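Survey of secondary and tertiary structure
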Protein chains: 2
Amino acid sequence: MTRIQLSPADATTLAQDAFTAAGMPAALAASAARALVAAECDGLPSHGLARVPFYAAQMRTGKVVPDAAPRLERDGAVLRVDAGFGLAFAAIDAGASAARDVARELGVAVVCITHSHHFGVAGQAVEPFAREGLVALALSNSPAAMAPWGGNRALYGTNPIAFACPREGAAPLLIDLSLSHVARGKVMLAQKAGEPIPEGWALDAEGRPTTDADAAMAGTMVPAGGAKGAALALMVELLTAGLGGAQFAWQASSLFDDKGPPPDLAHMLLVLDPARFAPGFAERAEAMFAAIEAQDGARLPGVRRFADRATRADTIEIPQALHDTLRSLATT
Amino acid sequence: MTRIQLSPADATTLAQDAFTAAGMPAALAASAARALVAAECDGLPSHGLARVPFYAAQMRTGKVVPDAAPRLERDGAVLRVDAGFGLAFAAIDAGASAARDVARELGVAVVCITHSHHFGVAGQAVEPFAREGLVALALSNSPAAMAPWGGNRALYGTNPIAFACPREGAAPLLIDLSLSHVARGKVMLAQKAGEPIPEGWALDAEGRPTTDADAAMAGTMVPAGGAKGAALALMVELLTAGLGGAQFAWQASSLFDDKGPPPDLAHMLLVLDPARFAPGFAERAEAMFAAIEAQDGARLPGVRRFADRATRADTIEIPQALHDTLRSLATT
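These remarks concern the structure in this document. (Residues numbered from 1 in each chain as written. Chains lettered and ligands numbered in written order. Predicted model: local features only at pLDDT ≥ 70, side-chain atom pairs only at ≥ 80, totals over all residues. Heavy atoms only, no water.)

1. Things to note about the side chain of Ser253 of chain A
All names here are of chain A. How we decide: The way it works is that DSSP assigns letters per residue, a run of H or I at least four long becomes a helix, a run of E at least two long becomes a strand, and they are numbered from the N terminus. Exposure is judged per residue with a 1.4 Å probe applied to protein chains only, and the accessible area is read against the type maximum: over 50% gives exposed, under 20% gives buried, and values in between give partly exposed. Any N or O atom pair separated by 3.5 Å or less is treated as a polar contact, with the protein-specific requirement of one donor-capable and one acceptor-capable atom, and with residues adjacent in sequence counted only for side-chain atom pairs. Whether two residues are in contact is decided by their heavy atoms, any of which lying within 4.5 Å being enough.
Assignment of secondary structure puts Ser253 in the loop between helix H8 (227-244) and strand E11 (265-272). A relative accessible area of 12% means that Ser253 is categorised as buried. Polar contacts involving the side chain of Ser253 include one to the main-chain carbonyl oxygen of Pro261, which spans 2.7 Å. Leave out the neighbours within four places in its chain, and Ser253 touches Lys63, Pro143, Pro261, Pro262 and Pro263.

Listed below in C-alpha cells is the structure:
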C-alpha cells in the first residue's frame, strides 16, 4: 500500500477543508481536524483521518449536523453540554474549557456531553487538564459491541476510560483503555485476512467462545476481565448516555455509514484539582511512578504514546488512497 | 467445622462489645460492628466478623486508634475526611452523610477519606446513596497485591470499585468488583489445601505465570483484564492515597497483624444527583436493565447479593471457633 507523507499542519488543513466543503463552519471544522490529526500523531490511525470520509458523508445526509454549535449550561459543579448531534470535538472543547474554571472554584467539575458522536481518542480529552495541574477522568459510550456477562446480544460499547495525572517536568501519566479485551478492529483485520482469532477475544452470536473471525464479527467482543469489564461497561453506559439522555450502545446508530438517525452518544469528564486535597500530591505521585519505573519490564502508562508522538511532530504518513479521498472531498 | 447461628442483632452486639472492650467508644464500635455484620448478611464472610479479632488486637497495640473520631472538612464540592488512623466505617458514614447534602446542592460531591483502614465491602459505601435516588461510585486502595504490568513486585492493591444506581421500586443496581482477576483468598485456600491454582490467577516472584499456590502467595495476583486492570489499579491508587495523602499499597502495613504503623489507606466516593442531568434518567436506566434481563444467562449486577441478603435477614451463621473468640473478646 503506497503511503504519503505530509506535515500535521497540512493534514489539518486538508481535513478541515473536507469538513467545510461538507457544510461545517470553519471553527468547528478546525476543532475536528485538529483532533483527528492528533490521533495520527499519536500512532492511532483508526481514530484519525480515516474517519473524515465517513463524517463528511454523514454531514451531507444530516446524520451529523454540520453546524451544530455546542450549548453549555452550568448548574453547580455540573456542566451539561449539548453537542446538538454534531461531532464530539467542539463539544468536548467547550466542556473542558468551562470545567477548568469550575474545578479550580469548587475542587471538582463533572461534564456531561450529550447528543454527541464518536468520542475520538479518549486520552485527548484528559491530557490537557493534566498539563495544567488537574487530574481528569473521561468516559464515553460507543456503539454496541459487548454483551452483558452470560448473555449473547451486544448491549454495551467497548466504552473507553481515560485518566490523566499531572507530573512536574514530564509528560502526564496517561491511561487510555477500552473495556473490551481487544479492539474490534483486530477481529476485522483477521476477517479480511481470512485468519482465525485467538481464544478469548470474541463470542459468537450464541454467546459461545469462538476463534472464527466471521462468527466473531456476527457475535460480541469479550469484555476485559470478563464479568468485571462487562460491569464497568454498564457503569459507563449509565454515567454517559443514562445521565446525558443520549442513546445506549444498543440504541446508537453506526459511526461508519451515512444512514439512519445520529449516533447520539454521550461522554463524561470528571476533573479534580489536587490542590484541594492533601498537600504533597505531586511528590507522592512521583514516588509511585519511580517505583513503577524501577521494575524491569514495567513502564508508565502513556509513555509509548508520547514517544510515538515525538517521532511524528513534523511528518505523518497516511495511505495514498486516503489522501486522494481527502483531496477530492476538500475540493468538492 | 461446627457453625453457630445467631441473629444479626446479636452478632452486632457481640462485635460491638469486642470493640468497646478493646477501647473503642460505643458509637464508633456500633458503626464498625454494623458494617461487618452487614458483610455477613451479604454472604461475604471474608469481610465480616472474622476481621474483629484482628481489629481488636490492632486497637490494643495502637495500629488502629480506637477512639479516632473522623474529622470532616468541606471545601467547595470536596469533602475531606480524616479517619485519624481509626477503622474506616465511621469515617465513611461521616463522609457519606455530608456528601448527600453537597450532591443535592451542587450536583456532585467528592469525598476523600484518608488515614483510614480496610474499606470493608465497597458496595456498602454506595448502596445507601442509590436508595436515596443518587448515583455513587466508590474506590479504595488496599495493601500491595498486584504488580505494574510487566513487572514482578506488588505496588497496587486489588483496589475495589463499587457503583450503585437507583431504581424505582427495586433494589439498586449494584456493581462491586476488585481489580484482581480473582480474590487473593482463593489462592490462600488452595495453598492451605495443598492444591494447584488455575492458570491466569497469579504470577510468581519473578513475574512469571504460575499454578503453584505457594509460588503465587510469594508473587503477585494477575490484574483483571491484564494490563488494563493494572492501569485502573494505578488510577485508583492515585485517586485515593495520592489525593488523600495516605500510603500507597506498597507502603501500607498488613491488615491482618498487630505490628507496625497503621495501614493508612484511603478511599474516594463520587456522588452524583441524576436530577441535575437530563430528565428521564430512571426510565432510561430501566430500559437498559430490561434489555439485560431479557437475555438468557445474563443478570443485573447485585441481584445475587440482595438474594443472599434476604436469606439472612433473621439468622447468620459463623464458625463456632470465631464465635468463641468474639465472646472471649467481648468479656475481656
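We are not done yet, so read on.
2. Things to note about the interface of chain B and chain A
Stated formally: Summed over both partners, the accessible surface that disappears when two parts come together, traced with a 1.4 Å probe, is what is meant by buried area. We define a salt bridge as a side-chain nitrogen of Lys or Arg found within 4 Å of a carboxyl oxygen belonging to Asp or Glu. Residues are grouped as follows: Ala, Val, Leu, Ile, Met, Phe, Trp, Tyr, Cys and Pro are nonpolar; Asp, Glu, Lys and Arg are charged; every other residue, Gly included, is polar.
Listed per partner, the contact involves 69 residues of chain B and 69 residues of chain A. Buried surface at the junction of chain B and chain A, summed over both partners, amounts to about 5,400 Å²; 76% is from carbon and sulfur atoms. Applying the counting criterion to the chain B and chain A interface returns two salt bridges. With its nearest N and O atoms 2.8 Å apart, the salt bridge here joins Arg276 of chain A to Asp75 of chain B. Our count for the contact surface shared by chain B and chain A stands at 18 residue pairs in polar contact (both at pLDDT 80 or more). Residue assignment for the side of chain B that touches chain A shows that the elements contributing at least two residues are strand E3 (78-82), strand E4 (108-116), strand E5 (135-140), strand E6 (161-165), strand E7 (173-177), helix H8 (227-244), strand E11 (265-272) and helix H9 (281-293) of chain B. Top contributing element to the side of chain B that touches chain A by residue count: H8 of chain B, with twelve residues. Residue composition of the side of chain B that touches chain A, grouped by class: 46 nonpolar, 14 polar and nine charged.

3. Here's the deal with the packing of aromatic side chains
Residue and element names in this part refer to chain A. In plain terms, the rule: Only Phe, Tyr and Trp rings take part, Trp by its six-membered ring, and two of them pair if their centres are within 6.5 Å. Stacked means planes under 30 degrees apart, edge-to-face means over 60, and tilted covers everything else.
If you walk through the whole model with that rule in mind, you get two aromatic pairs over all chains. Seen from their ring centres, Phe54 and Phe256 are 5.2 Å apart, and the 85° between their planes marks the pair as edge-to-face. Pair noted here: Phe54 is in helix H3 (residues 52-61) and Phe256 is in the loop between H8 and E11, with a separation of 202 residues, a long-range link. Here Phe54 falls in the partly exposed class, since its relative accessible area comes to 32%. By relative accessible area, Phe256 is classed as partly exposed at 42%.

4. Some remarks on the packing of helix H5 (residues 122-131) of chain A against helix H10 (residues 303-311) of chain A
Residues and elements named next belong to chain A. Definition in use: Angles shown run from 0 to 180 degrees and are taken between the N-to-C directions of axes, each axis being a line fitted to C-alpha atoms and, for helices, limited to the stretch in contact. When describing relative orientation, an angle under 35 degrees is termed roughly parallel and one over 145 degrees roughly antiparallel, while 65 to 115 degrees is termed roughly perpendicular and anything else oblique.
Viewed as axis vectors pointing N to C, H5 and H10 meet at an angle of 90°, and their least axial separation amounts to 14 Å. By the angle between their directions, the pair H5 and H10 is classed as roughly perpendicular. Residues Gly123, Glu127 and Arg131 of H5 pack against Arg305, Phe306 and Arg309 of H10. Looking at the contact of H5 with H10 residue by residue, the class counts come to one nonpolar, one polar and four charged.

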